[in-house]
Amino acid sequence: MFDEYGFPGDADFDYAAPTLYTFVYCSRAAEGVDDMEVDRIIESAQRYNLAKGITGVLVFGSGVFFQWIEGPPAEVQKLIANLHGDPRHYDIVPLDRSEEKRERLYPNWEMERVEADDIRTVLQDALESAEDENNVAALRRILEHLGSGSLDSLGRSLGPRS
């Protein structure tokens, strides 16, 4: 814990690890966003992220995005601002934001798409731990719509956009 004589060091702490900012969120796809558009998003993200030192994964299924982003704090925060202005999705629900010194979870993935057989479990877990009432409402709208079975209209407005 302390780097002084007589105090043991933290054996689990990696002093060489970079300081990473992590942002995890889910959102609803806007009308017209399909698999081809998601592939274009991935291609663009890979180029951008490579230049900025950002890595992560994007899950897209049933009209819902789930994304884990990690990288240098300033670069990830710029990306977060861009995400909030992107018209291809709405009802953005931050699930985690953190800054810590650690190794990357996705060191070789500038952005990879991971298929989701069923994103409901991830969203239900997020709902159970959500405290912000706006996030709770957005997660409920997403889950309600997923439960309706009419996935073709997922991007159509079901309430206020974030």
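Above this text sits the structure in question.
Our subject in this report is the structure included herewith. The residue numbers shown here count from 1 along each chain, following its written sequence. Residue-level local features of this predicted model are given only where pLDDT is at least 70; pairs of side-chain atoms are given and counted only at 80 or more, and the full residue set underlies all totals for whole chains, interfaces and linings. Side-chain measures here rest on the full set of heavy atoms in the structure, leaving out hydrogens and waters.

**Structural notes on the packing of helix 3 (residues 120–129) against helix 4 (residues 133–148)**
Okay, so step 1: Note on geometry: axes are lines fitted to C-alpha atoms, helical ones only across the stretch in contact, with angles between N-to-C directions running from 0 to 180 degrees. Under the DSSP-based scheme used, a helix requires at least four consecutive residues in state H or I and a strand at least two consecutive residues in state E, with every element numbered from the N terminus. The N-to-C vectors of helix 3 and helix 4 enclose an angle of 150 degrees; their axes lie 10 Å apart at closest approach. Overall, the two elements helix 3 and helix 4 adopt an arrangement that is roughly antiparallel. The chirality of how helix 3 crosses helix 4 is left-handed. Judged by residue contacts, R120, L123, Q124, A126 and L127 of helix 3 engage V136, L139, R140, I142, L143, L146 and G147 from helix 4. These descriptions rest on fixed angle ranges, namely under 35 degrees for roughly parallel, over 145 for roughly antiparallel, 65 to 115 for roughly perpendicular, and the rest for oblique. Crossings are assigned a handedness: left-handed for a near helix turned anticlockwise from the far helix by less than a right angle, right-handed for a clockwise turn. In this analysis, two residues are considered to be in contact whenever any of their non-hydrogen atoms come within 4.5 Å of each other.

**Quick look at unusual backbone geometry**
Okay, so step 1: In the Ramachandran plot, S62 falls in the positive-phi region, its phi being about 55 degrees despite a non-glycine side chain.
Okay, so step 2: Here S62 lies in the loop between strand 2 (55–61) and strand 3 (64–71).
Okay, so step 3: Here the phi dihedral of D91 falls at roughly 55 degrees; this positive angle occurs in a residue that is not glycine.
Okay, so step 4: Checked against the element boundaries, D91 lands in strand 4 (residues 89–101).
Okay, so step 5: Owing to a relative accessible area of 0%, D91 belongs among the buried residues under this scheme. Each residue gets one of three labels from its accessible area relative to the maximum for its type: buried under 20%, exposed over 50%, partly exposed in between, using a 1.4 Å probe on protein chains only.

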